[in-house]
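# Residue-level structure breakdown
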Amino acid sequence: LLKTAIQIIDEEERNRFMGELKTASDELLKRRDAFIAQQIAQTLKRGEVGVLFIGMIHNTARYLPKDIEVEYLIYRLPFRALLREGPPDPSAPSS
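Structure report, in brief. (Residues numbered from 1 in each chain as written. Predicted model: local features only at pLDDT ≥ 70, side-chain atom pairs only at ≥ 80, totals over all residues. Heavy atoms only, no water.)

## A closer look at the overall build of the protein chain
Along the backbone of the protein chain there are 3 helices and 0 strands. Here the protein chain, with 95 residues, has 11% of them falling under the buried criterion. For the protein chain, the share of sequence-separated contacts (at least 6 apart) that also reach a separation of at least 24 residues comes to 45%. Carbon and sulfur atoms make up 58% of the accessible area of the protein chain, which amounts to about 8900 Å² in all. (Helix = DSSP H or I, 4+ residues; strand = E, 2+ residues; numbered from the N terminus. Buried < 20%, exposed > 50% of the residue type's maximum accessible area, 1.4 Å probe, protein only. Contact = heavy atoms within 4.5 Å. Areas by Shrake-Rupley, 256 points an atom, 1.4 Å probe, with all protein chains shown as cover.)

Okay, here's the thing in structure tokens:
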């Protein structure tokens with residue numbers, strides 16, 4: 001598909017093609033997220049904990065049943081502290 005986009009000379013036609021490609025890509029991502037959520041819902045039993053490592057562009061949680069609680073690891077990481085304190089000084093003696 002990318003090869004086709006490169007071969008298109010007319011800019012308007014290229015933009016139309018790239019728009020269609022983006023739409024198809026977005027739809028595929030939604031279908032994949034829905035499938036993953038369905039698999040989780042079918043296999044995760046009450047009281048069990050599951051872990052899903054997936055790219056940030058995914059939104060699998062929106063397809064999960066409401067009784068499945070979702071927490072995001074990224075919000076638990078110490079990014080705010082790192083921003084406040086700055087990265088460690090590599091030349092400082094270690095304690």
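There's more to say after this.
## Observations concerning the pattern of salt bridges
For the coordinates displayed, the defined rule picks out 3 salt bridges. The residue Glu20 makes a salt bridge to Arg16 at a minimum N-O spacing of 2.2 Å. Here Glu20 and its partner Arg16 are both found in helix α2 (residues 11–43), 4 residues apart, which amounts to about one turn of the helix. You can call Glu20 partly exposed: its relative accessible area is 43%. Asp26 serves as the salt-bridge partner of Lys22, at 2.9 Å between the closest nitrogen and oxygen. (Salt bridge = Lys/Arg side-chain N within 4 Å of Asp/Glu carboxyl O.)

## Overview of the layout of surface pockets
Its volume calculated, the largest pocket comes out at about 1200 Å³. Across the lining of the largest pocket, the residue classes break down as 18 nonpolar, 7 polar and 7 charged. (1 Å grid on protein atoms, 1.4 Å probe; cavity = no way out; pocket = protein on both sides within 12 Å on 5 of 7 lines; lining within 4 Å. Points joined across faces, edges and corners; volume = space filled by probe spheres on them. Nonpolar A, V, L, I, M, F, W, Y, C, P; charged D, E, K, R; others polar.)

## Overview of the side chain of Asp33
Note that Asp33 resides in helix α2. Among the polar contacts listed, one links the side chain of Asp33 to the side chain of Thr60, at a separation of 3.4 Å. Beyond its immediate sequence surroundings of up to four residues, Asp33 is in contact with His58, Asn59, Thr60 and Tyr63. (Polar contact = N/O pair within 3.5 Å; in protein donor to acceptor, adjacent residues only side chain to side chain.)

## Examining α2
The α-helix winds at 3.6 residues per turn, so residues separated by three or four positions along the chain end up facing the same way. Here α2 is 33 residues long and its end C-alpha atoms lie 48 Å apart, about the 48 Å a rise of 1.5 Å per residue gives. Taken together, the buried positions of α2 are occupied by Phe17, Leu29, Asp33 and Ala37. (Expected span 1.5 Å × (residues − 1).)

From the geometry alone we can't say anything about function, so treat these as descriptive.
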